[in-house]
Amino acid sequence: MTASSALPGPHASTLDLGGRTALVTGAAGGIGRACALRLAAAGAKVRAVDRDAAGLEELAEQSAGLAGTVEAQVLDLTDLDAAEHAAAGTDVLVNNAGLQLVRPIEEFPPEVFHTVLTVMLEAPFRLIRGALPHMYGQGWGRIVNVSSVHGLRASPYKAAYVAAKHGLEGLSKTAALEGAPHGVTSNCVNPAYVRTPLVERQITDQARAHGIPEERVVSEVLLQDSALKRLIEPEEVAEAVAYLCGPHASFVTGTSLVLDGGWTAH
């Protein structure tokens, strides 16, 4: 993906984040990279957080020439104190980082369950905690939590991911209620399956879990409940994130913006 591919023409001018600082976790690839580029295109100074140093370097190269800037910060979100510290002074916080393991509950490694909950629920709590004093002080802030359709629906073999995303939904709503008097909104964006490395790895895991070839996983498992039979592109999710940061969404808080191709319409 090039930097220009993250700028869908007429939409790019509708958001002005000049003078704002945004923090995006999981920014080295996939949805996070698309969000970092989109917010930088809107003029934000983006703190791009990830543990993947090489991916962050590629992101920084892609951001050249955008209205804003991208500052790479290598950080493992299991270091919760460092995560909270990194969020200080943030105007826009995008909690995106995630990981996945597909296993039946009785075979799910407890240490992996713990890590998933740490990265995908406890770290967002600490990041929000670190960002709120600045947001409250200036009377403005935007928290966007990249949740999932799995924050609203469950699937088998994804105990940790589903638990974390359901928890993130509750955290986001609580932040919305507390932040409203201070000009801070908090929302979730809930995509179904996005064309990312995380989903590519899931295809292999799902094939193993269901005992079917990988080529059947997308049509028979991933997109089984979706009316639109395609994967979502990361840039589409980034546009939803950008919308929630813009002036037209100032009254949108405590809710979930669902991009699931009709999955939850059943």
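Whatever comes next refers back to the structure up there.
Worth saying up front: this structure is predicted, and the values here are computed from it rather than measured.

**Q** Residue-level account of the pattern of salt bridges, with values.
**A** Side-chain pairs of opposite charge can arise where the charged atoms are in close proximity. The tally for this structure, following the rule as stated, stands at 12 salt bridges. Its salt-bridge partner being R129, residue E84 comes within 2.5 Å of it at the nearest N-O pair. Residue E84 is located in helix α3 (residues 80–86), and its partner R129 is located in helix α4 (residues 110–138); the two are separated by 45 residues in the primary sequence.

**Q** Lay out the layout of surface pockets in plain terms, naming residues and giving numbers.
**A** Considering only enclosed or pocket space, the largest pocket measures out at about 880 Å³ in volume. Along its surface, the largest pocket is lined by 41 residues, and A97, G98, L99, L198 and R201 are the ones closest to its centre. Elements supplying a minimum of two residues to the lining of the largest pocket: α1 (30–41), β2 (45–50), α4, α5 (159–179) and α6 (197–210). In terms of residue count, the dominant contributor to the lining of the largest pocket is α6 (six residues). Class assignment of the residues belonging to the lining of the largest pocket gives a composition of 19 nonpolar, 14 polar and eight charged.

**Q** Which residues make up the pairing of strand β1 (residues 21–25), and what are the values?
**A** Judged by how many residues are buried, β1 sits mostly within the fold: five of five residues are covered. Burial of β1 is two-sided: the residues T21, L23 and T25 facing one way and the residues A22 and V24 facing the other way are all buried. Remark: the β1/α1/β2 crossover connection has right-handed handedness. With three bridges joining them, β1 and strand β4 (residues 92–95) adopt parallel strand pairing. Within β4, the position partnered with V24 by the bridge is V94.

Rules behind the numbers
Chains are numbered independently. Their residues run from 1 in the order of the written sequence. Where local features are concerned, this predicted model is filtered to residues with pLDDT of at least 70; where side-chain atom pairs are given and counted, the filter is 80 or more; whole-chain, interface and lining totals use all residues. Here the side-chain values reflect all heavy atoms present in the structure, with hydrogen atoms and water set aside. Salt bridge, as used here, is a side-chain nitrogen of Lys or Arg placed within 4 Å of a carboxyl oxygen of Asp or Glu. The numbering of helices and of strands both runs from the N terminus, where a helix is a DSSP run of H or I of at least 4 residues and a strand a run of E of at least 2. Definitions used for this entry: grid spacing 1 Å over protein atoms alone; cavity, a set of points where a 1.4 Å probe fits but cannot get out; pocket, an open set with protein on both sides within 12 Å along at least 5 of 7 lines; lining residue, one with an atom within 4 Å of a point. Grid points are joined across faces, edges and corners, and a volume is the space filled by probe spheres set on the points. Residue type decides the class: Asp, Glu, Lys and Arg count as charged, Ala, Val, Leu, Ile, Met, Phe, Trp, Tyr, Cys and Pro as nonpolar, and the leftover types, Gly among them, as polar. The classification of residues rests on relative accessible area computed with a 1.4 Å probe and restricted to protein chains. Under 20% of the type maximum is buried, over 50% is exposed, and intermediate values are partly exposed. By convention, orient the strands away from the viewer: a clockwise path from the first strand over the helix to the second makes the crossover right-handed. Whether two strands pair comes down to DSSP finding at least two bridges between them.

Any functional reading would require information beyond the geometric quantities listed.
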